[in-house]
Amino acid sequence: MEHKVTLIPGDGIGPEIAAAARRVLEASGVKFQWEVMEAGEAVLEKHGTVLPEAVLESIRRNKVALKGPITTPVGTGFRSVNVTLRLALDLFANVRPARNLPNIPSRYENVDLVIVRENTEDLYVGVEHMVGEDAAESIKIITRKGSERVVRFAFEYARKNKRRKVTAVHKANILKCTDGLFLECARQVARDYPDIEFEDRIVDNMCMQLVQKPELYDVLVMPNLYGDILSDLCAGLVGGLGVAPGGNIGAGVAVFEPVHGSAPKYAGQNKVNPLAMILSGVMMLEHLGELEAAARVRQAIEAVLAEGKYLTYDLGGTAGTSEMAEAIARRLEKG
Ligand code: NAD
């Protein structure tokens, strides 16, 4: 069966890693019909927006997308395409696994964590304003509906993937209303899953625990901002942003993308690690029900890592983005 997928290469290093992922996914033998769509600053002049309606329509129609990173200007300028996309499609759960891969240098072993980040609320709603000239205010929004559905997603994910524990992360000791509501919802939802252990951690303590004993944790669920920060931390535990994939999941629609951004300083150099994007593609294959192909791509990645000949700079090698992808694709084609 051919899968129709929206492909958003993005900008910065996006087009290079998108081409790499496409090469590997096609080498798996699964048939794709890619609908390539552009978004970001490059289309602003032509379309008058960084996220043209046609991109959203394509994803709604195909129900699945693979997306490269897109640059967001800091401080001023347009709103993040990534945040806007997640809100427009109501992609409420951001799933970011962090697992040790063989032969990837890392300070830790036996890390196998999954962050489930709430993706539509919290400070990311973008309600911010100046108060006079010398103060600024940002509003943090947490709702019962948003909290319950992401925690339920985390428990369902845990059940489906045979995980043993869900940890809710919050700052309810200080943010008694907002994070207090999130924690209350988490505790309520947890009662429906007696087969899965539940606990909660205050976010600052969670950071220390993750650095000291990450192997104690399993599925972590949390509001948007903590999820953003902790997923980079967890990527760091297992070898860095170059190997950290993700999926944004909503009701009937899913967009897969790496955790990392557009790394503009490396754009066009055929230098960065394509694995985060390729592994996001593997998550997409699993979502599409192509479990056998997904397993083969994982094996091919592990074989190339074990061989150690075609590794990008962040993994201690000198291979380019396309060489590493080519090595994985050739393994797949050899069978
Ligand atoms: P970044 O993730 O782009 O890069 C930070 C550093 O991580 C890089 O300088 C590089 O050293 C390393 N890195 C990232 N990807 C790598 C890869 N594939 N291989 C090897 N090393 C890699 O973070 P940033 O510099 O803070 O952000 C750059 C831009 O990306 C910003 O405009 C930001 O808003 C945007 N961004 C987009 C997304 C997204 O599209 N979902 C996510 C995060 C950041």
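Everything discussed here concerns the structure shown above.
Only a predicted model underlies this, so the values are computations on that prediction, with no experimental measurement involved.

Colleague: Is there a simple way to think about the environment of R187 in this case?
Modeller: Along the chain, the position of R187 falls in helix α6 (residues 178–190). Sequence separation between R187 and D200 is 13 residues; the distance between their C-alpha atoms is 8.8 Å. Each residue touching R187, except ones within four places of it in the same chain, is listed here: F198 and D200.

Colleague: Would you mind showing me how to read the pairing of strand β2 (residues 31–36) here?
Modeller: Working note: regular strand, side chains alternate between the two faces of the sheet. As paired elements, strand β1 (residues 2–8) and β2 share six bridges and run parallel to each other. Note that in β2 the partner of L7 across the bridge is V36. With helix α1 (residues 14–27) bridging β1 and the parallel β2, this β-α-β connection has right-handed handedness.

Colleague: Any chance you could explain the site of the ligand here in plain terms?
Modeller: Contacts to the ligand come from 22 residues, most closely from I70, T72, N82, G261 and A263. Interatomic distance of 2.9 Å between a side-chain N/O atom of N82 and an oxygen atom of the ligand. S262 places a polar main-chain atom, nitrogen or oxygen, 3.0 Å from an oxygen atom of the ligand. Residue classes in the shell around the ligand are distributed as nine nonpolar, eight polar and five charged.

Colleague: Got a minute to help me understand the packing of helix α7 (residues 203–212) against helix α8 (residues 224–237) in this structure?
Modeller: Axis separation between α7 and α8 bottoms out at 10 Å; the angle between their running directions is 10°. Compared by their axis directions, α7 and α8 come out roughly parallel. Contacts between α7 and α8 involve V203, M206, C207, L210 and V211 from the first element and Y226, L230, L233, C234 and L237 from the second.

Colleague: Hey, could you run me through the state of the cysteines in this one?
Modeller: Disulfides are covalent bonds that link the sulfur atoms of two cysteine residues. Applying the stated criterion across every chain yields a total of zero disulfides. C185 provides the cysteine sulfur closest to C177, a residue in no disulfide bond, and the two sulfurs are 13 Å apart. Taking relative accessible area as the criterion, C177 reaches 68% and is therefore assigned exposed. Looking at C234, it has no disulfide partner, and the nearest cysteine sulfur is the one in C207, 8.8 Å off.

Colleague: Explain a nonpolar patch on the surface to me, please; I cannot follow it from the model alone.
Modeller: On the surface, V127, I139 and I141 cluster together into a nonpolar patch covering about 190 Å² of accessible area. Tracing the chain through its elements places I141 in the loop between β7 (135–138) and α5 (144–160).

Colleague: Mind showing me how you'd approach the packing of α5 against α6 here?
Modeller: The axes of two packed helices give the description: the angle between them and the distance between them. α6 packs onto α5 with a crossing angle of 45° between their chain directions and a minimal axis gap of 9 Å. Judged by the angle between their axes, α5 and α6 are oblique. With respect to the hand of their crossing, α5 and α6 are arranged in right-handed fashion. Residues R144, S147, E148, V150, V151, R152 and F155 of α5 lie in contact with α6, whose contacting residues are L181, F182, E184, C185, A186, Q188, V189 and A190.

Conventions used here
- Residues numbered from 1 in each chain as written.
- Predicted model: local features only at pLDDT ≥ 70, side-chain atom pairs only at ≥ 80, totals over all residues.
- Heavy atoms only, no water.
- Helix = DSSP H or I, 4+ residues; strand = E, 2+ residues; numbered from the N terminus.
- Contact = heavy atoms within 4.5 Å.
- Pairing = 2+ DSSP bridges.
- Right-handed = clockwise from strand over helix to strand, strands pointing away.
- Near = heavy atom within 4 Å.
- Polar contact = N/O pair within 3.5 Å; in protein donor to acceptor, adjacent residues only side chain to side chain.
- Nonpolar A, V, L, I, M, F, W, Y, C, P; charged D, E, K, R; others polar.
- Axes fitted to C-alpha atoms, helices over the stretch in contact; angles between N-to-C directions.
- Parallel < 35°, antiparallel > 145°, perpendicular 65-115°, else oblique.
- Disulfide = S-S within 2.5 Å.
- Buried < 20%, exposed > 50% of the residue type's maximum accessible area, 1.4 Å probe, protein only.
- Patch = residues over 30% accessible without salt bridge, like charges linked within 9 Å, V, L, I, M, F, W, Y side chains within 5 Å.
- Areas by Shrake-Rupley, 256 points an atom, 1.4 Å probe, with all protein chains shown as cover.
- Salt bridge = Lys/Arg side-chain N within 4 Å of Asp/Glu carboxyl O.
- Left-handed = near helix turned anticlockwise from the far one by under 90°.

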